Amino acid sequence: MRARGWVAIAAIVMCAAGPVRASEEPIEIFDAHLHYNWEPKPYYELDEVLVLFKKHRVTGILATSRPNTGTHALMDAKADGLWIVPFIRPYRVRPDIQTWFNDPTIFDLVQDEFKRGYYRGIGEFHLSGKAAASEWVKKAVDFAVANDLYLHAHADDEAVEILMRHNGRARIIWAHTGFGLAPHRVAAMLATYPNLWGELSYRSGITGAGGVLTPEWRAMFEKYPDRFLLGSDTWISERWSSYGAIMAEYRGWLKQLPPGIAKQIAHGNAKRLFAERK
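Residues numbered from 1 in each chain as written. Predicted model: local features only at pLDDT ≥ 70, side-chain atom pairs only at ≥ 80, totals over all residues. Heavy atoms only, no water.

Chemist: Is there a simple way to explain the environment of Gly-208 in this structure?
Modeler: With respect to the element layout, Gly-208 can be found in the loop between strand E7 (196–199) and helix H8 (215–223). What makes Gly-208 partly exposed here is its relative accessible area of 37%. Taking the C-alpha atoms as reference points, Gly-208 and Pro-259, 51 residues apart in sequence, are found 21 Å from one another. (Helix = DSSP H or I, 4+ residues; strand = E, 2+ residues; numbered from the N terminus. Buried < 20%, exposed > 50% of the residue type's maximum accessible area, 1.4 Å probe, protein only.)

Here it is as structure tokens:
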């Protein structure tokens, strides 16, 4: 065969191979529930977590830490190819989880951290039921609204509704989307509160046997494709150890959705929500 024939065949093979490689590249993910805790100590060194993000094609993170020192370190790292959206965590030590909503010094902490100038939200914070009705929670909600900040709430549906009543302009990332709350109740919450977005770490019932999307959740993703985010919730070392498996599980059911919806949930909604302020 003449040389030009070999060249033509090689060109055809290269053209065919290109799309295959592109289709096999995993969908990029924005991790909208990331803790880089420094209390009691960092579970992973900073360079190790940055490698994890790159390895698993996590291109953005909603970053928090306890205390906020871990978030400072992530921001100072200025990692190439990683978009960091920092939130103020209203905790200094783990016991603050149980008391922050009645502690005026926590509100001082939030205001002091905000002076750093780069925060986009407050949380993740924990609330259950009527604990959300405290005056210090309302102050935090009003502070968030006044300063164009999101709230990242690990809360039951009653507490979320109280947060919304504190200030109708509040914007809430709902950590875990109610855990095991019935899908019809989740859908009702999304319908009632247009400024509520569900983050899906630890959320049960999304898939059934064999990792297949359940009909209820497929329908919800198709009805509200712009209202969901993904997260790892690296609150303990085991979550860092299984980081790749967490992302692989997300990608497993994302592939079962129309590509446009999968991209919205994987990263598009986060990019839209946390785009730089105009």
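Alright, that's what it looks like, and here's the rest.
Chemist: Help me understand the pairing of E7 in this model?
Modeler: Every other side chain in a regular strand lies on the same face of the sheet, so the side chains alternate between the two faces. Burial along E7 is two-sided: Leu-196 and Gly-198 facing one way and Trp-197 and Glu-199 facing the other are all buried. With four bridges connecting them, strand E6 (residues 172–175) and E7 associate as parallel partners. The residue bridging Trp-174 from the neighbouring strand is Gly-198, located in E7. Two elements, E7 and strand E8 (residues 228–229), share two bridges in a ladder whose sense is parallel. Within E8, the residue paired with Gly-198 across the bridge is Phe-228. (Pairing = 2+ DSSP bridges.)

Chemist: For this particular structure, what's the right way to read the nonpolar core?
Modeler: Where a protein is soluble and globular, its nonpolar side chains tend to be buried together. Of all hydrophobic cores here, the largest spans 73 residues; its most connected members are Leu-127, Phe-221 and Trp-253. Per-element tally for this core: the top contributor is helix H10 (residues 243–254), with six residues. Discounting residues that sit within four places of it in the chain, Trp-253 has contacts with Leu-200, Ile-206, Thr-207, Gly-211, Leu-213, Phe-221, Leu-230 and Ile-265. (Core = buried A, V, L, I, M, F, W, Y, C linked by side-chain atoms within 4.5 Å. Contact = heavy atoms within 4.5 Å.)

Chemist: How should the packing of aromatic side chains be read in this particular structure?
Modeler: In this description, an aromatic ring pair is defined by two values, namely the gap between the centres and the angle between the planes. Under the criterion given, the structure shown has 22 aromatic pairs. Relative to Trp-197, the ring of Tyr-150 has its centre 6.1 Å away and its plane inclined at 70°; by these criteria the two rings are edge-to-face. Pair noted here: Tyr-150 is in strand E5 (residues 150–155) and Trp-197 is in strand E7, with a separation of 47 residues, a long-range link. The same class applies to Tyr-150 and to Trp-197, which are both buried. An aromatic cluster is present here, built from Phe-30, Trp-83, Phe-87, Tyr-150, Trp-197 and Phe-274 joined pairwise through their rings. Note that Lys-139 overlies the ring of Trp-136, its terminal NZ or CZ placed 5.3 Å from the centroid. (Phe/Tyr/Trp six-rings, centres within 6.5 Å; stacked < 30°, edge-to-face > 60°. Lys NZ or Arg CZ within 6 Å of the ring centre and 35° of its normal.)

Chemist: Looking at this structure, I do not really get the confidence of the model for the protein chain. What am I missing?
Modeler: It should be kept in mind that the predicted coordinates are not to be read in detail where pLDDT is low. Of the residues in the protein chain, 91% reach a pLDDT of 70 or more, and the chain-wide mean stands at 92. Note that pLDDT drops below 50 for residues 1–22; the model gives that stretch two contacts with residues more than four away or on any other chain. (pLDDT = per-residue confidence, 0-100.)

Chemist: Looking at this structure, I do not really get the UniProt feature "domain: Amidohydrolase-related" (unreviewed entry) in the protein chain. What am I missing?
Modeler: The UniProt record annotates "domain: Amidohydrolase-related" (unreviewed entry) at residues 138–274. Annotated as 51% helix and 12% strand, the span residues 138–274 places its first and last C-alpha atoms 23 Å apart. (UniProt positions renumbered as here; feature names shortened; annotations may be inferred.)

Chemist: Got a minute to help me understand the packing of helix H2 (residues 46–55) against helix H3 (residues 69–77) in this structure?
Modeler: Between H2 and H3, the least distance of the axes is 11 Å, while the angle of their chain directions is 65°. The pairing of H2 with H3 is recorded here as roughly perpendicular in orientation. Of the two possible hands of crossing, H2 and H3 adopt the one that is right-handed. On H3, the residues touching Leu-46, Val-49 and Leu-50 of H2 are Ala-73, Leu-74 and Ala-77. (Axes fitted to C-alpha atoms, helices over the stretch in contact; angles between N-to-C directions. Parallel < 35°, antiparallel > 145°, perpendicular 65-115°, else oblique. Left-handed = near helix turned anticlockwise from the far one by under 90°.)

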